[in-house]
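Breakdown of the fold
Okay, here's what each chain looks like letter by letter:
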Amino acid sequence: MNLSLYTLAVVWGVAAGFVTRIRMLESDYRQYPTYPHGHVIHLALGLIAAALGAVAVPALMQKDYTAITFLTVAAQQFRDVRNMERQMLTNLDELELVPRGKNYIEGIAMVFEGRNYIVIFAAFLTSLSVVIFHHWWVGALVGLAILFLSGFLMSGKVIHDIAEVEVAPLRIEGASLYVQDIYLMNIGLEDNRKRILENGIGILVTPRRASGRVTIGNIGQRQAILHDVSTILGVYRDTGEPALTPLAKRDLKDGRLGILLLPQEKDVERAVEIVKNVPVLESAIRKPSKMPKELRKRWEST
Amino acid sequence: MSKGKILAVITTQPDKVAGGAPIFAADSLEELEKKAFLLEKILDAMVHEIDQDTKIIVKH
């Protein structure tokens, strides 16, 4: 190839960044981003991010230091992406039978912003490696390595990592609905009680550690569980049927979670699998065990 | 409609309830159940049982 070194760096940087974005743009059961227009938006923004990252290296090499201020514009731009996602999802959430909940939406929005920075980083490193080693194939290798690594950045923890999930019997005493021994709600109509017992699945989520206990107690995290199951298994619910609401309540004593699911297809084993694989929301994670040691000592001695 | 508000009360013992929400009197437990069912669908609010003779409709 007869291209100048900087051109090569930029081309490979942009390519690596763009492919990284494609790799991280997965449309799964959550059906988000919506195919195909949502994809177009994010690919276009990914391309811009890749270009920014790739151009930064030649700009710095030319001692064009002010060019770096360009990146601040980019940061602003991607924060807007986050706002856009948040607004759209919040608007749509009002019309969901089982809403995602604010935490889930924040999580998704945050991920969209974060992934653009990963793209910038990937493009920057690829471009830098081409400039340093004077060979385009070094860039290709670095790009591939980052592509591989970005897979790890995508995946977070799931419920199964922090808690045990098992089926538990639903039962009704008078007007009260329980999952095993956890009280869920008061149902006034005989008809609804019958339908809930018929179609409902009771699930018990037992946290393994103290940190998990706080995390699954988070209301946003609980809503995410209910939403995910409803997305995959469908939901036995409609407007005008307020009693048929999937619900999760805590046992106040030990932090276990009792969940009532109302799937369209009553497949108990799959429901358990789905709950196990619900992502742990970033905003719900707490680390009480990371409290400073001195503090804890003082606390325990009193 | 605001949240957590009692929209209606259905009872077979109207002398036991009073207050701001509309009160529907029923003659039998079957009628109580039927009226509660109808009001639930109409108001899109949930029926809760206070005791055997009284149900309330609450918007959550």
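What you see is a predicted model, and the numbers here were worked out from it, not measured in a lab. (Residues numbered from 1 in each chain as written. Chains lettered and ligands numbered in written order. Predicted model: local features only at pLDDT ≥ 70, side-chain atom pairs only at ≥ 80, totals over all residues. Heavy atoms only, no water.)

As for the sheet that holds strand E4 (residues 54-59) of chain B
Residue and element names in this part refer to chain B. For clarity, the cut-off: DSSP-based pairing: two strands are paired if at least 2 bridges between them are found. Strands here are runs of E lasting at least two residues and helices are runs of H or I lasting at least four, both read from the DSSP assignment and numbered beginning at the N terminus. Every angle, taken between N-to-C directions, lies between 0 and 180 degrees, and every axis is a line fitted to C-alpha atoms, over only the stretch in contact when it is a helix. Two residues qualify as a contact provided that any one of their heavy atoms is within 4.5 Å of a heavy atom in the partner residue.
Pairing within the open sheet is mixed, and its four strands lie in the order E2-E1-E4-E3. Every other strand in the sheet has two partners, leaving strand E2 (23-25) and strand E3 (46-51) as the edge strands with one partner each. Within the sheet, the average angular offset between the axes of one strand and its neighbour, ignoring direction, is 25°. Relative to E2, strand E1 (residues 5-11) runs parallel, the two being bridged by three bridges. Bridge pairing in E2 links Ile 10 to Phe 24. In the packing of helix H1 (residues 29-43) onto the sheet, the strands contacted are E1, E2, E3 and E4, and the crossing angle to E4 comes to about 5°.

Comments concerning the environment of Arg 23 of chain A
Residue and element names in this part refer to chain A. Applicable threshold: Each residue's exposure class comes from its accessible area (1.4 Å probe, protein chains only) as a fraction of the maximum for that residue type: buried when under 20%, exposed when over 50%, partly exposed otherwise.
Secondary-structure assignment places Arg 23 in helix H1 (residues 5-24). Look at Arg 23 and you get partly exposed, because its relative accessible area is 36%. Residues Arg 23 and Ile 118, 95 residues apart in the sequence, show an inter-C-alpha distance of 12 Å.

Comments concerning the pattern of salt bridges
Put simply, the rule is: Note on definitions: salt bridges are taken to be side-chain nitrogens of Lys or Arg within 4 Å of carboxyl oxygens of Asp or Glu.
Scanning all chains against the criterion turns up 19 salt bridges over all chains. Between Arg 100 of chain A and Glu 96 of chain A there is a salt bridge, with the nearest N and O atoms lying 4.0 Å from each other. On the basis of relative accessible area, Arg 100 of chain A is assigned to the buried category, the value being 6%. Of the charged contacts, one joins Glu 241 of chain A and Arg 195 of chain A as a salt bridge, the two residues approaching to 2.9 Å between their closest N and O atoms. Placement of the pair is Glu 241 of chain A in the loop between helix H9 (219-233) and strand E6 (247-250) and Arg 195 of chain A in helix H7 (residues 190-199), with a sequence separation of 46 residues. Each member of the salt-bridge network shares a partner with another, and the members are Glu 190 and Arg 193 of chain A together with Glu 33, Glu 49 and Lys 55 of chain B.

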